[in-house]
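# Working through the structure, step by step
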Amino acid sequence: MRAFLITRGFAAFSAGLALLSAAALTSIAANAAEPENRFRPTGLDGVGGPTAVEEPRWTIQDFESRAAANPIPGALVGLPAKNAFVLFSQCRALTSIVYPPLVAGESDAIVGDTPFAFASALPGIAPTCFNPQNENNIVVNPADPNHFVTSANEYRGNVHAVYVSFNRGTSWINVVLPGWTRDTGGTGQFSHMDSCGDPVLAISRDGTRLYYAGLVCNFEGPGNYQLRSGVAVAASTDGGVTWGAPTMVDSTASGNFFHDKEWMAVAPDGTVHVTWTRFQQTANGKFGASPIYIASSKNGGQSFSGPKQVSDDAHPFNQGSVPAVAPNGTIYVSYIASTPETGFVGDAVVLARSTDGGQKWINVQGPRIYDDYNCYPLQLPGTGQGRQTLSAQNYRIHSFPSMAVDTTTGHVHIVWTDNRAHPSCGYEKGGTFNPALGNTQNQTWYIKTIDGVNFTAPVSLTAPFDDNVFPAVAARDGKVLVGYYTRKHAKTAGGFGAEDRCSVRVVTVNQPGFADGTLLKAAFGPVPFRQTNVCIDYAARRSNDGGQNFVTETRLSSESSNPWVLFTGSFIGDYTGVDLDLLNRGVAVWTDFRGNPGTGAGQITPANQDAIVRTIP
């Protein structure tokens, strides 16, 4: 989902970071004494009647102004407790382009990024920033290795958009999909819908039909029971340059339901399968369950079958589904589920499979995922949704598994990240995350199954202290590519770069002893685990023997960059993307924080969130 709601004509976001109106990601900060709320959607609890929700949607300016108006105690960021400082987005502090240009093979998919002005500039901080793009997915045309299409949450308008290259990322065109929202010519249900994010792409095996799936929603009332939410799909037959009107896969107009986190796959026979999470409330307005559903289209996305439940009754609380289809037609769906044997406070990988086109499903619980309540610190108060994050970071994280099925062998490859290496991690130990035992140690984990029943033992693809998040996986012809964010390379390089670009800084406002606008560097955590360098990179590991062995990690981003850009560091998107072309060369896309530090006139933008694509020979 996108980060938060925003006004029409500027950009529409899905879940209310500021308003907390309907975020449907895992609420892993839930109290362990309330296992039934393990995956509750933020803000939907407590709806006992038609409570008015008609409030203006928030802009990026509103969100930043709220942060400025609510100073955070200095003690939370390693500063004297008696002083309060305002955390701010780095793009407002960096007064020049501090990153070097992108390197060969690395490109910014965003063309003509646009600036916006803050409602009121804080002392010593630039009053403008550039609109972000985050949460990325990418496909390579199976018939043309030079043809890339990627997607992202697009904050330049209340739109769904894609970014297309026909020359392997040398140049890009940005395309707004028509008819998805009230601001892009939507008709029928779409005439009163806004963009809710979670963009996903899929392409037919012959490369002739490209599909885009996304969320639409409207939170404007007159009451919570009027909340409108849906999953939709559109198709393109010219590689993403033009698009047909969207088709609604499933939708509701009730606060008792919310559709979230869809994903999509195209079968060898051309059937399009879409899965998603349907958040359901009980009659009294309390969170009840979050089953995974699937719907399919056999006519190129023009219509879809009625939704059918994928997840089983033993796992009522689920999220993060990914479908894929094997060469023999078996449909697989991976997702994260709270486990009954832990009282629904622990999670595991679950893999569902269907051999009859999605009519019947067998769910198999796989390895445990260590993302328990005490495994991570939480976002700084007043800046996000109180979700889990990493040491010295503030962006929300999750441990949803990413899955790929090899289009040749049919083998299933699954990756995720968790923090099992940290001494305080594990619900059996009780309590909350203990920073006195060290910083987070998030690792990327990999498993494989040939039959959908028996899994290989989890193998860590990364070292414990690299802090990895949001992995993506692709598989083709016995090759496996896994991409992920990592702190490894920033920490190895040391230092903070030009203008302290790898630090989090705070600005004083009406604080005794400091002139307004004074910038101070923040530090997180107790000594000796205090963390100051917050930059991250995107990296990948590859296997050429079907996942038996992985070669040395390849750093894909040419420069480490600071994820505290925008949203007070609280949102960088919830997934990344990788793919393999017909020559088994890789390509990756991720949300990068350098902006576009190029050299071409009109293309240079200072630090902000952009979609960066990197080819891998």
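Just above sits the structure.
Throughout what follows, the structure given in this document is the object of discussion. (Residues numbered from 1 in each chain as written. Predicted model: local features only at pLDDT ≥ 70, side-chain atom pairs only at ≥ 80, totals over all residues. Heavy atoms only, no water.)

## A few points about the overall build of the chain
Each helix and strand in the chain was counted, giving three helices and 35 strands. Here the analysis covers contacts within the chain between residues at least 6 apart in sequence; of these, 62% occur between residues at least 24 apart. When the accessible surface of the chain is summed, it comes to about 19600 Å², and 54% of that surface belongs to carbon and sulfur atoms. (Helix = DSSP H or I, 4+ residues; strand = E, 2+ residues; numbered from the N terminus. Contact = heavy atoms within 4.5 Å. Areas by Shrake-Rupley, 256 points an atom, 1.4 Å probe, with all protein chains shown as cover.)

## A closer look at the pairing of strand β31 (residues 537-543)
Among the seven residues of β31, seven are classified as buried, and the element is accordingly described as predominantly covered. The alternating pattern of β31 places Asp537, Ala539, Arg541 and Ser543 on one face and Tyr538, Ala540 and Arg542 on the opposite face, and all of these are buried. As judged from the seven bridges shared by strand β28 (residues 479-486) and β31, these two strands associate in the antiparallel manner. Following the sheet pairing, Leu481 is matched in β31 by Arg542. (Buried < 20%, exposed > 50% of the residue type's maximum accessible area, 1.4 Å probe, protein only. Pairing = 2+ DSSP bridges.)

## Remarks on the side chain of Thr181
Looking at the secondary structure, you find Thr181 in the loop between β9 (173-176) and β10 (194-203). Separated by 2.9 Å, the side chains of Thr181 and Thr184 make a polar contact. Ignoring anything within four residues of it in the chain, the contact list for Thr181 reads Asn158, Gly186, Phe190, Met193, Asp194 and Ser195. (Polar contact = N/O pair within 3.5 Å; in protein donor to acceptor, adjacent residues only side chain to side chain.)

## What to know about the sheet that holds strand β26 (residues 459-460)
Here we have four strands laid out as an open sheet, ordered β23-β24-β25-β26, and antiparallel in their pairing. At either margin of the open sheet sits one strand with a lone partner, and together these are β23 (402-405) and β26. Here strand β24 (residues 412-418) pairs with strand β25 (residues 443-449) via seven bridges, running antiparallel. Across the sheet, His413 pairs through a bridge with Lys448, a residue of β25.

## Thoughts on the pattern of salt bridges
Under the definition given, this model contains 19 salt bridges. Asp581 serves as the salt-bridge partner of Arg168, at 3.1 Å between the closest nitrogen and oxygen. With Arg168 in the loop between β8 (161-165) and β9 and Asp581 in the loop between β33 (577-580) and β34 (586-592), this residue pair connects regions lying 413 residues apart in the sequence. We classify Asp581 as buried; its relative accessible area is 2%. Here the salt bridges share partners, and the residues they tie into one network are Asp198, Lys261, Arg396 and Asp574. (Salt bridge = Lys/Arg side-chain N within 4 Å of Asp/Glu carboxyl O.)

## Regarding the pairing of β28
Taken across its eight residues, β28 has seven buried, putting it largely inside the fold. Where strand β27 (residues 469-476) lies against β28, six bridges are found, and the strand directions are antiparallel. When the sheet's bridge partners are listed, Ala475 is paired in β28 with Val480.

## Re the nonpolar core
Val233, Met264, Val274, Met403 and Ile414 are the most contacted members of the largest nonpolar core, which totals 43 residues. Once you skip the residues sitting within four places of it in the chain, Met403 turns out to touch Val322, Pro323, Ala324, Tyr332, Val333, Ser334, Leu351, Val412, His413, Ile414 and Val473. The next biggest cluster of nonpolar side chains, apart from the first, holds 39 residues, and it includes Phe116, Cys129, Leu390 and Ile572. (Core = buried A, V, L, I, M, F, W, Y, C linked by side-chain atoms within 4.5 Å.)

## Re the environment of Arg387
When you line up the elements, Arg387 lands in the loop between β22 (362-369) and β23. There is a polar contact of 2.8 Å between the side chain of Arg387 and the side chain of Gln385.

## Digging into the state of the cysteines
Each disulfide is one covalent bond, formed between the sulfur atoms of two cysteines. Per the counting criterion, the structure on display carries three disulfides. Each sulfur in the disulfide pair Cys375 and Cys425 lies 2.0 Å from the other. Around the S-S axis, the bridge from Cys375 to Cys425 shows a dihedral of about 75° and counts as right-handed. Highlighted residues: Cys375 in the loop between β22 and β23 and Cys425 in the loop between β24 and β25, separated in sequence by 50 residues. Taken individually, Cys375 and Cys425 each receive the classification buried, so the pair is uniform in this respect. Here Cys502 connects covalently by a disulfide to Cys535, the sulfurs 2.1 Å from one another. Here Cys502 and Cys535 share a disulfide; its torsion about the S-S bond, -100°, makes the bridge left-handed. On the criterion of sequence distance, the pair formed by Cys502 in the loop between α3 (488-493) and β29 (505-507) and Cys535 in the loop between β30 (519-521) and β31 is long-range, its members being 33 residues apart. Like Cys502, the residue Cys535 is buried in the burial classification. (Disulfide = S-S within 2.5 Å.)

## Examining the packing of aromatic side chains
In the structure shown here, the tally under the stated rule is 15 aromatic pairs. Consider the rings of Tyr212 and Trp243, whose centres lie 6.4 Å apart with planes at 75°: the pair is edge-to-face. Of this pair, Tyr212 sits in strand β11 (residues 210-218) while Trp243 sits in the loop between β12 (228-236) and β13 (247-253), placing them 31 residues apart in sequence. For Tyr212, a relative accessible area of 1% puts it in the buried group. Linked through ring pairs, Phe470, Tyr485, Tyr538, Trp590 and Phe593 together constitute an aromatic cluster. Stacked on the ring of Tyr293, the Lys or Arg Arg278 has its end atom at 4.2 Å from the ring centre. Above the plane of the ring of Phe496 lies Lys521, whose end atom (NZ or CZ) is 3.9 Å from the centre. (Phe/Tyr/Trp six-rings, centres within 6.5 Å; stacked < 30°, edge-to-face > 60°. Lys NZ or Arg CZ within 6 Å of the ring centre and 35° of its normal.)

## Observations regarding helix α1 (residues 60-69)
Residues Ile60, Gln61, Phe63, Glu64 and Ala67 constitute the buried set of α1. Axial view of α1: buried residues confined to an arc of 165°, hence all on one face. Those residues of α1 hidden inside the fold are in contact with β2 (84-87), α2 (90-93) and β4 (115-117). (Arc of directions from axis to C-beta.)

## Remarks on a nonpolar patch on the surface
Nonpolar side chains collect at one region of the surface, where Phe166, Ile173 and Val241 lie side by side and expose about 240 Å² of accessible area between them. By relative accessible area, Phe166 is classed as partly exposed at 44%. (Patch = residues over 30% accessible without salt bridge, like charges linked within 9 Å, V, L, I, M, F, W, Y side chains within 5 Å.)

## What about the environment of Leu122?
One can find Leu122 in the loop between β4 and β5 (128-130). The exposure class of Leu122 is buried, given its relative accessible area of 11%. Put simply, Leu122 and Asp516 are 394 residues apart on the chain and 8.7 Å apart in space, counted from C-alpha to C-alpha. Excluding residues within four positions of it along the chain, Leu122 makes contact with Ala68, Val86, Arg92, Val507 and Val509.

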